[in-house]
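# Analysis of the macromolecular model
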Amino acid sequence: MSAKNEKFYLVSEDFLPEGMKKTLEAKKLLESYEVDSIHEATRQVGLSRSVFYKYRDAVFPFQHMVKEQMITLFFHLQDQTGVLSHLLSVVAQAGCNILTIHQTIPIQGKANVTLSLNTNGMTVEIDQLLNDLKQIDFVNQVEILSSGVS
């Protein structure tokens, strides 16, 4: 399959085969220079080199895919003073540049907000950002709508 026709899927780690999980662990060891060779990385995580070579160019942590890209997030908020301001502050503190903000008019005390973010300067992992956003009072829902090159 050519690069132009490649399709990517976001899959929960719980559904990945053990070989893919261990390949990710081995790649992390190599990227952090904790080991000097593929042989050493695969031995340390308990993975055969053939399985590592099978998956190494096919499986990536999600945060690697959003680096140098744009991501669009959807929020369902309760209509409370300062909620959007706090949400934007958390996004800015994570090093994201806010490209667009779209907020619906609150209906029955709830509003939808969509943010498009440039993640070039992101200083935290995407899963940490999402977790931080979910912890904000009056934020009822946080979802990734899309991710793509900005």
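For clarity, every value in this text was computed on a predicted model and none was experimentally measured. Here the residue numbers are simple positions, counted from 1 along each chain's written sequence. Since the coordinates come from a predicted model, pLDDT governs what is reported: local features require at least 70, and pairs of side-chain atoms require 80 or more to be given and counted, while whole-chain, interface and lining totals use all residues. To obtain the side-chain values, all non-hydrogen atoms of the structure were included, while hydrogens and water were left out.

## Notes on the overall build of the protein chain
What the protein chain contains, in helices and strands, is six helices and four strands. Taken from N to C terminus, the helices and strands of the protein chain fall in the order α-α-α-α-β-α-β-β-α-β. Using a 1.4 Å probe on the protein chains alone, a residue whose accessible area is under 20% of its type maximum counts as buried, one over 50% counts as exposed, and one in between counts as partly exposed. Counting over 150 residues, the protein chain shows a buried share of 29%. Within the protein chain, counting contacts between residues at least 6 apart in sequence, those at least 24 apart form 69% of the total. To be clear on the numbers: accessible area is Shrake-Rupley with a 1.4 Å probe, and residue cover counts the displayed protein chains and nothing else. Carbon together with sulfur atoms contributes 50% to the accessible area of the protein chain, which is approximately 9,800 Å² in total. By definition, any uninterrupted DSSP run of H or I lasting at least four residues is a helix, any uninterrupted run of E lasting at least two residues is a strand, and each is numbered from the N terminus. Throughout, a residue-residue contact means that at least one pair of heavy atoms, one from each residue, lies within 4.5 Å.

## Quick look at the nonpolar core
What is meant by a nonpolar core is a set of buried Ala, Val, Leu, Ile, Met, Phe, Trp, Tyr and Cys residues, joined one to another through side-chain atoms within 4.5 Å. Within the largest apolar cluster, 21 residues are counted, with the highest numbers of intra-cluster contacts made by F75, L87, L129, L133 and V139. Ignoring anything within four residues of it in the chain, the contact list for L87 reads F75, L77, L115, L133, I136 and V139. In terms of nonpolar packing, the next biggest core, distinct from the first, is built from seven residues, A26, L29, V45 and F52 among them.

## Quick look at helix α1 (residues 18-31)
Expected span of a helix: the number of residues minus one, times 1.5 Å. Between its first and last C-alpha atoms α1 spans 20 Å; for 14 residues at 1.5 Å apiece the expected length is 20 Å, and the two agree. Within the span of α1, buried status applies to G19, T23, A26, K27 and L29. The buried side chains of α1 occupy one side of the element, clustering within an arc of 155 degrees when seen end-on. Backbone geometry just after α1 places Y33 at a positive phi near 60 degrees. This arc is taken over the directions from the axis of the helix to the C-beta atoms.

## Observations concerning the pairing of strand β2 (residues 97-103)
Note: β2 against strand β3 (residues 110-118), six bridges, orientation antiparallel. Among the inter-strand pairings, H102 is bridged to a residue of β3, identified as T114. Strands qualify as paired when DSSP identifies two bridges or more between them. Connecting β2 to the antiparallel partner β3 that follows it, the hairpin turn spans six residues, and Q108 within it adopts a positive phi of roughly 55 degrees.

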